[in-house]
Amino acid sequence: MGMGHSVDFSKYPYQKPDEEWKAQLTREEFNVLRKCGTEAYGKGEFCSFFPKTGYFKCKGCDFPLYSAVAKFQDCGWDAYSVCFYSDDKCHVGLREQGEVCCNNCGSHMGHCFFGERKSNSNERH
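Remember, predicted model here, so these are calculated numbers, not experimental data.

Thresholds, definitions, all that
Residues numbered from 1 in each chain as written. Predicted model: local features only at pLDDT ≥ 70, side-chain atom pairs only at ≥ 80, totals over all residues. Heavy atoms only, no water. Helix = DSSP H or I, 4+ residues; strand = E, 2+ residues; numbered from the N terminus. Contact = heavy atoms within 4.5 Å. Areas by Shrake-Rupley, 256 points an atom, 1.4 Å probe, with all protein chains shown as cover. Pairing = 2+ DSSP bridges. Axes fitted to C-alpha atoms, helices over the stretch in contact; angles between N-to-C directions. Buried < 20%, exposed > 50% of the residue type's maximum accessible area, 1.4 Å probe, protein only. Salt bridge = Lys/Arg side-chain N within 4 Å of Asp/Glu carboxyl O.

Student: Give a description of the overall build of the protein that names residues and reports values.
Tutor: If you tally the helices and strands in the protein, you get two helices and nine strands. Each helix and strand of the protein, ordered N terminal to C terminal, gives the series α-α-β-β-β-β-β-β-β-β-β. By sequence separation, contacts in the protein at least 24 residues apart represent 50% of the contacts at least 6 residues apart. Taken as a whole, the protein presents about 7,800 Å² of accessible surface, with 50% of it coming from carbon and sulfur.

Student: Describe in detail unusual backbone geometry, supporting the description with residues and values.
Tutor: At C36, a position not held by glycine, the phi torsion is positive, near 60 degrees. Examined against the element boundaries, C36 turns out to sit in the loop between α2 (27-35) and β1 (55-57). Positive phi, close to 65 degrees, is recorded for D88, a residue that is not glycine. Among the secondary structure elements, D88 is positioned in the loop between β3 (85-86) and β4 (89-90).

Student: Can you tell me about the sheet that holds strand β5 (residues 92-94), naming the residues and giving the values?
Tutor: In a beta sheet, neighbouring strands are held together by backbone hydrogen bonds and run either parallel or antiparallel to one another. With antiparallel pairing, the three strands of this open sheet are ordered in space as β5-β6-β7. What marks the edges here is a single partner per strand, and that holds for β5 and β7 (108-111). Between one strand axis and the next, the sheet turns by 30 degrees as a mean value, whatever way the strands run.

Student: Outline the pairing of strand β2 (residues 64-67), supporting the account with residue identities and numerical values.
Tutor: Bridge analysis of β1 against β2 gives three bridges, and the strand direction is antiparallel. The residue bridging F56 from the neighbouring strand is Y66, located in β2.

Student: Describe in detail α2, supporting the description with residues and values.
Tutor: Residues of α2 that are buried include every one of F30, N31, V32, L33 and R34, and no others. Check the buried side of α2 and you find it contacts α1 (18-24) and β7. C36 sits one or two residues past α2 and shows a positive phi near 60 degrees.

Student: Provide a residue-level description of the pattern of salt bridges, including the pertinent values.
Tutor: Per the stated rule, a full pass over the model turns up three salt bridges. Residues R95 and E99 are paired through a salt bridge, measuring 2.8 Å at the closest nitrogen-oxygen approach. Per residue, the accessibility class of R95 equals that of E99, and both read buried.

Pasting the structure below:
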């Protein structure tokens, strides 16, 4: 499980101190969400979960990120083709080097890849 980089989380609306994040999340979840680490390949809680309805939310703040219908089968990590919007605001942010994050709390969600032709949107989050 790799360590990532540091992020200025102060620009996101949902705030709480690291102590509260650590109390809420497991050590691995904290490393991935707040330290931009990498989840172990194929070990995600929802890798093999493909509901027909509903949505997937941020583990940190419960903000809706992806519709269940946007999820598709891919390699060892969850993959989504499009993300949630409300009032023309995207719920998923894109930082440097294709890093995907929650636009409510800033938690790291992975990376976005374009042009792979794996989805109708030609995106894989």
